[in-house]
Amino acid sequence: MSTLLARLRSGASGADAVALRVFPPAPGAPIEWTYAQLWAHATDVGRRLTGAHALQPGQRVALAVREGAELALLTVALLAHRLVLVPIDVDDPVERLRAVIDDTEPALVVCASELAHRRDALRAAGAARVVDARELCGGRGGGGVSGSRAGADAALRPPPPDSGLAALDALLAAEADGGAFPAMDDGRAVSHIFFTSGSTGRPKGCVVQRAALAAYCAAHARAHDVRPGDVVLVASAHTFDPCLGEMASALCAGATVALAPRRELAAALGGCLARARATHVTTTPTAWRAVDPARPPASLRVVALGGEPMPLPLAASWSGQVVLLNTYGTTEACVYQAACRVREPADARLLGEPFVGTRLFLAADDGADWRARVREGSGDEGEIWVGGAQVGLGYAGGDARVAAECALRFVHVDERDRAEAGGNVLYRTGDIAAATARGWVLRGRRDGQVKVRGRRLELDEIEAAIEAAAAEFVSAVGAYVNARGALVVWCVLRGGSARAECGGDAAETAVGLSLIHISEPTRRTP
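Predicted, not measured: the structure shown is a model, and the values here were computed from it. (Residues numbered from 1 in each chain as written. Predicted model: local features only at pLDDT ≥ 70, side-chain atom pairs only at ≥ 80, totals over all residues. Heavy atoms only, no water.)

Asker: What is the right way to read the overall build of the protein chain from this model?
Answerer: Looking only at helices and strands, the protein chain has 18 helices and 27 strands in total. Relative to its 526 residues, the protein chain shows a buried fraction of 57%. Restricting the contact set of the protein chain to residue pairs at least 6 apart, pairs at least 24 apart contribute 63%. If you sum the accessible surface of the protein chain, you get close to 20400 Å²; carbon and sulfur atoms cover 51% of it. (Helix = DSSP H or I, 4+ residues; strand = E, 2+ residues; numbered from the N terminus. Buried < 20%, exposed > 50% of the residue type's maximum accessible area, 1.4 Å probe, protein only. Contact = heavy atoms within 4.5 Å. Areas by Shrake-Rupley, 256 points an atom, 1.4 Å probe, with all protein chains shown as cover.)

Here you go:
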């Protein structure tokens, strides 16, 4: 299998092709970077990280950069120099930030200039070294818009393309002889750590290796038909792994990565697609509802929706206009692992075919044994297990809690079964699916996990956050999803047995996330 760096080099074969298209707030004109320019600047940033900041391959870098050219430059620099990407959201509560920093121990935190007001929160959470993203990327000041994202992108105008691909070739040669990256070629060199919910009220850092990301990039480009010259609009937040997956896959395929301001993506996704002349986008059904099916962007060819069930009316509106994909996946096995082409509304519930290099198993009964599987077409339910090249390494952190969670979810395979399993380790997802005559249909969860606008959360985490935030007033908390798909939290007040219903605003304040609406109920399976 080609290494991640080799795949990135293959995608950059057209040095003068556009690799990156960054949009300022409308109606500003985009800034474009060729592959040679992107790699010239990204390898320069990587040299600053490994030189002035003395980072070594395998060390972790927490990235608090939400958008713009800096996000792409830093992501590519980290991948190229074998540093580990750990995206963080500085607006998370300090306790959650502390949990992320404790579990990953980043050698450096890179913070966007416009988020500088949150640096005190980062330090309170235990960040030892915090540096400014604009300074690290070599920005030349605010471009007349001091401290703003538009100013940052203006300050990072593409450099002359003199030696961009030569610098990339030098990294590739060093990787080939092993001299620059000692003891890093055993297939376990880590690419990134993205955090999802934790079953005990603490976030879990999913550790994924470079080999898994390389496998994903190749499989994703094939499943989504990403070609040189295509334009992939990155619609996911930087703390969601589809953001990394879309960028890396597009660059490996020789396509253009398009980045738009987060605020505009939320307010006018259809307009962003049109401005970018995007051919591909991956997002959630909730976000896609904002795009008018009567006015589809002319350039759009492939729309992939995932993270939550696709509503049937949405499928009916779009399945005849674009290649509409229903995607399934788990962060522990690198972004997505399966996709179904939605040709009619009934297809919107199907998991579809696994990506090349991935294997899916539907374990019968209590789901504990992947070898005892549900019979295809029987209608019976089982638990999904994932095998193959994309399965990650486990969870970040070294305490007993993490060890127990890894032992439950990442199951080592006996040598005699590895050919069938597709590797040494299988990931037990906790997702329940039914093997219908038309294919697998996702039914729910074996535990209390729910998804909020594509983000995984445990009901236990919501309860724990509210208990911590209101400990003076509340003695017990219970959370559930009602029949309308709304999150409901019940609290037992101290000093009495009265119950009070906690509305969405209170839950949002306590957990630091938007919890007001869940698109579809997720039932528990005993």
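On we go.
Asker: Looking at this structure, how should I read the pairing of strand β14 (residues 338-341)?
Answerer: Side-chain positions along a regular strand alternate between the two faces of the sheet. Summarising the sheet, strand β13 (residues 323-328) and β14 pair through four bridges and their orientation is antiparallel. Note that in β14 the partner of Asn-326 across the bridge is Cys-340. Where β14 meets strand β15 (residues 353-354), two bridges bridge the pair, whose relative direction is antiparallel. The residue of β15 that forms the bridge with Ala-339 is Glu-353. (Pairing = 2+ DSSP bridges.)

Asker: Explain the sheet that holds strand β12 (residues 302-305) to me, please; I cannot follow it from the model alone.
Answerer: Strand pairing in a sheet takes place through backbone hydrogen bonds and is either antiparallel or parallel in direction. Sheet architecture is open: nine strands sit in the order β2-β1-β10-β9-β11-β12-β13-β14-β15, paired in mixed fashion. Looking at the sheet topology across the chains shown, the edges are occupied by β2 (31-34) and β15. On top of the sheet, helix α2 (residues 35-50) reaches β1 (18-22) and β2; it is set at about 85° to β2, its chief contact. The sheet contacts of helix α12 (residues 269-276) involve β1, β9 (231-234), β10 (256-259) and β11 (280-283), and relative to β9 the element is tilted by about 150°. (Axes fitted to C-alpha atoms, helices over the stretch in contact; angles between N-to-C directions.)

Asker: Just checking my understanding: could you explain the packing of α2 against helix α3 (residues 68-80) for this structure?
Answerer: Helix packing for two helices is described by the angle between their axes and how far apart those axes are. Where α2 contacts α3, the two axes come as close as 8 Å, and the packing angle between them is 65°. With respect to their mutual orientation, α2 and α3 come out roughly perpendicular. Every pair of crossing elements has a handedness; the one defined by α2 and α3 is right-handed. Of α3, the residues touching α2 (which contributes Leu-38, Trp-39, His-41, Ala-42, Val-45, Gly-46 and Leu-49) are Leu-73, Leu-74, Val-76, Ala-77, Leu-78 and Ala-80. The residue inventory of the contact of α2 with α3, partitioned by class, reads eleven nonpolar, two polar and no charged. (Parallel < 35°, antiparallel > 145°, perpendicular 65-115°, else oblique. Left-handed = near helix turned anticlockwise from the far one by under 90°. Nonpolar A, V, L, I, M, F, W, Y, C, P; charged D, E, K, R; others polar.)

Asker: Even after reading the chapter, I still don't get the nonpolar core, so can you show me in this structure?
Answerer: The nonpolar side chains of a soluble globular protein tend to be buried, and buried together. With 91 residues, the main nonpolar core has Trp-39, Leu-74, Ile-88, Val-110, Leu-122 and Leu-213 as its most contacted residues. Top element by residues in this core is α3. It accounts for ten residues. If near-sequence neighbours (up to four positions away) are discounted, Ile-88 is found in contact with Ala-62, Leu-63, Ala-64, Leu-97, Val-100, Val-109, Leu-122, His-238 and Thr-239. Formed by 26 residues, the second largest nonpolar core is a distinct cluster that contains Val-231, Ala-258, Leu-269 and Val-291. (Core = buried A, V, L, I, M, F, W, Y, C linked by side-chain atoms within 4.5 Å.)

Asker: Would you mind showing me how to read the confidence of the model for the protein chain here?
Answerer: Predicted coordinates in regions of low pLDDT should not be interpreted in detail. The predicted model of the protein chain averages 85 in pLDDT, with 82% of residues at 70 or higher. Segment residues 140-147 is flagged for pLDDT under 50; beyond a separation of four residues in sequence, or across chains, it makes twelve contacts in the model. Across residues 497-526, confidence stays below pLDDT 50; counting only partners more than four residues off in sequence or on other chains, it has 76 contacts. (pLDDT = per-residue confidence, 0-100.)

Asker: So what exactly am I meant to see when it comes to the side chain of Glu-332 here?
Answerer: By secondary structure assignment, the location of Glu-332 is in the loop between β13 and β14. A polar atom in the side chain of Glu-332 sits 2.8 Å from the side chain of Tyr-395. At 3.2 Å, the side chain of Glu-332 and the side chain of Tyr-427 are in polar contact. (Polar contact = N/O pair within 3.5 Å; in protein donor to acceptor, adjacent residues only side chain to side chain.)

Asker: Hey, could you run me through the packing of helix α9 (residues 210-224) against helix α10 (residues 241-253) in this one?
Answerer: Contact geometry of α9 with α10 gives a least axis separation of 9 Å together with a crossing angle of 70°. Compared by their axis directions, α9 and α10 come out roughly perpendicular. Contacts between α9 and α10 involve Leu-213, Tyr-216, Cys-217, His-220 and Ala-221 on the former and, on the latter, Leu-244, Gly-245, Glu-246, Ala-248, Ser-249, Cys-252 and Ala-253. Grouping the amino acids of the contact of α9 with α10 by side-chain chemistry returns eight nonpolar, three polar and one charged.

Asker: Would you mind going over the pairing of strand β3 (residues 60-64) with me for this structure?
Answerer: Counting buried positions along β3 yields four of five residues, so the element is predominantly enclosed. Where β3 meets strand β4 (residues 84-87), four bridges bridge the pair, whose relative direction is parallel. Pairing of Ala-62 across the sheet is with Val-86, part of β4. Judged from the four bridges that link them, β3 and strand β5 (residues 108-111) form a sheet pairing that is parallel. Its bridge partner lying in β5, Ala-62 is registered against Val-109.

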